[in-house]
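Descriptive analysis of the structure
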Amino acid sequence: MSASESNRRIKFSYQLDNWDYETGDRAYLKANARKLIPSEYTPEMDGSLYCPACFTNLNRIPKEKEHFTNGRDAYFAHMTKFKDTKCDLKSIKPEGKKFNNWEEAKQAIDDENLVIISSFLKSKPEPKEDSPAVYDETPVEDQDGPETEVAIGRHNGESFTLPSKIKTVAGLCRNFDENLYKYFHLPGKNNAIRLIDLLKDVKSISEEDDKPKFYYGRIIRTAHLGEHKRPTNFRMTYLDTEAVGDFCLKSQDKDQKAHGITDDSVGRIVIVYGTVQENGTGLCFQGLGWGEFSLLPEKYNHLLD
């Protein structure tokens, strides 16, 4: 990954007048700033654009045009004034986050910058008594998990016992722009890593992988199998891929429909936490739990395009 490619991981900037990196409150910035993509930049915004990860000032490159002479889009980049400030969005190979002590890690959780995931929801939750019978979208049922020992200490793999979440991918997709730059600690991992560095495009996947990871892909076609279209029949939802023949999400139609995936979902992006398995001459996601896949709201598509 080149330096310019690492800069393209800055999908949006915070924009807020009269805020200062060295004296300003970051929670105030996040709560009050606009989120701008490079094409929305105007010259009067100079000095008021901030990185969503380290909060230092950003420039748009190039300033005057939306495209380089080779046709590539403009992007946000860190200002040289803050070149000594560490930010893993500057890194060619992001290493994730370690913490000096329990207090620092707990503060990151309280500030909603760190999420410890103990597991993903496997079964569909029972609807609450005051919930509607039919959801307009997949219900988000993130729950508090157990206190979990995680090896995220900076010193010799030191572990801390911290509060965890039982998550759903749908929960990550809600407020996806904010979640994209949070640190997530996944089961069995030794580092907390930003979601943007955990997500893998299915276009780049060419073989099975039995270790669960985050993936995303765009739906190019989807088919409810079986002559009588029973809810328990499989639906095969095919994702845009380049490395293999077919790459699909394979599960019962009723489960995909409950997550909003229907014949009308072509063009939408789906996010999955799971393993990659062989399926005929291609690959697939199958055996996914209730909380392990979700459609991304369309307003966030540009963050993964």
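That block above? That's the structure.
The present account deals with the structure reproduced in this document. If you're wondering where the values come from, they're calculated on a predicted model, not measured in any experiment. Note on numbering: residues in each chain are counted from 1, in written sequence order. Residue-level local features of this predicted model are given only where pLDDT is at least 70; pairs of side-chain atoms are given and counted only at 80 or more, and the full residue set underlies all totals for whole chains, interfaces and linings. Neither water nor hydrogens contribute to the side-chain values; these are computed over all heavy atoms in the structure.

1. Focus: the packing of aromatic side chains
Heads up, the rule is: Aromatic contacts are taken between Phe, Tyr and Trp rings whose centres are within 6.5 Å, Trp giving its six-membered ring; a plane angle under 30 degrees counts as stacked, one over 60 as edge-to-face, and the others as tilted. Only DSSP runs of H or I covering at least 4 residues are called helices, and only runs of E covering at least 2 are called strands; the numbering of each starts at the N terminus. The cut-offs for exposure are 20% and 50% of the maximum accessible area for each residue type, with area from a 1.4 Å probe on protein chains only; residues under the lower value are buried, those over the upper are exposed, and the others partly exposed.
This model, assessed by the stated rule, comprises eleven aromatic pairs. With a centroid separation of 4.4 Å and 25° between ring planes, the pair formed by Phe 120 and Tyr 273 is classed as stacked. Remark: Tyr 273 occurs in strand S15 (residues 269-279) and Phe 120 occurs in strand S6 (residues 114-120); sequence separation between them is 153 residues. The same class applies to Phe 120 as to Tyr 273, namely buried. Judged by centre distance (5.0 Å) and plane angle (50°), the rings of Phe 247 and Phe 285 are tilted. Note that Phe 247 is positioned in strand S14 (residues 247-252) and Phe 285 in strand S16 (residues 282-286), a separation of 38 residues in sequence. On the basis of relative accessible area, Phe 285 is assigned to the buried category, the value being 1%. Aromatic ring contacts, followed pair by pair, group Phe 12, Tyr 14, Phe 55 and Tyr 181 into a single cluster.

2. Side note on the pattern of salt bridges
Convention followed: Within this document, salt bridges are pairs made up of a side-chain nitrogen of Lys or Arg and a carboxyl oxygen of Asp or Glu, the two lying within 4 Å of each other.
Under the definition given, this model contains 16 salt bridges. Ionic pairing is found between Lys 35 and Glu 178, a salt bridge with its closest N-O pair at 3.0 Å. Linking Lys 35 in strand S2 (residues 34-36) with Glu 178 in helix H5 (residues 176-179), this pair joins segments that are 143 residues apart in sequence. Overall, Lys 35 belongs to the partly exposed group, its relative accessible area being 32%. Note that Arg 235 and Asp 253 form a salt bridge whose closest N and O atoms lie 2.8 Å from each other.

3. Overview of the nonpolar core
We apply this condition: Side-chain atoms within 4.5 Å link the members of a nonpolar core, which is a set of buried Ala, Val, Leu, Ile, Met, Phe, Trp, Tyr and Cys residues. Here, two residues are considered to be in contact whenever any of their heavy atoms come within 4.5 Å of each other.
Ranked by size, the top nonpolar core spans 46 residues in total, and within it Phe 176, Leu 199, Phe 214 and Ile 271 carry the most contacts. Beyond its immediate sequence surroundings of up to four residues, Phe 214 is in contact with Phe 120, Val 169, Leu 172, Leu 186, Leu 195, Leu 198, Leu 199, Lys 200, Val 272 and Tyr 273.

4. Considerations on the pairing of strand S8 (residues 160-167)
Rules: DSSP-based pairing: two strands are paired if at least 2 bridges between them are found.
Where S6 lies against S8, three bridges are found, and the strand directions are parallel. Counted as the bridge partner of Ile 117 is Lys 165 from S8. As paired elements, strand S7 (residues 143-150) and S8 share six bridges and run antiparallel to each other. What sits directly across from Val 150, in S8, is Phe 160.

5. Quick word on the pairing of strand S12 (residues 209-224)
Examined bridge by bridge, strand S11 (residues 199-201) and S12 share three bridges and lie parallel to one another. Paired with Leu 199 across the bridge in S12 is Phe 214. Across seven bridges, the pairing between S12 and S15 is antiparallel. Across the sheet, the residue bridging to Tyr 215 is Val 272, located in S15. Summarising the sheet, S12 and strand S13 (residues 234-239) pair through five bridges and their orientation is antiparallel. Among the inter-strand pairings, Ile 219 is bridged to a residue of S13, identified as Leu 239.

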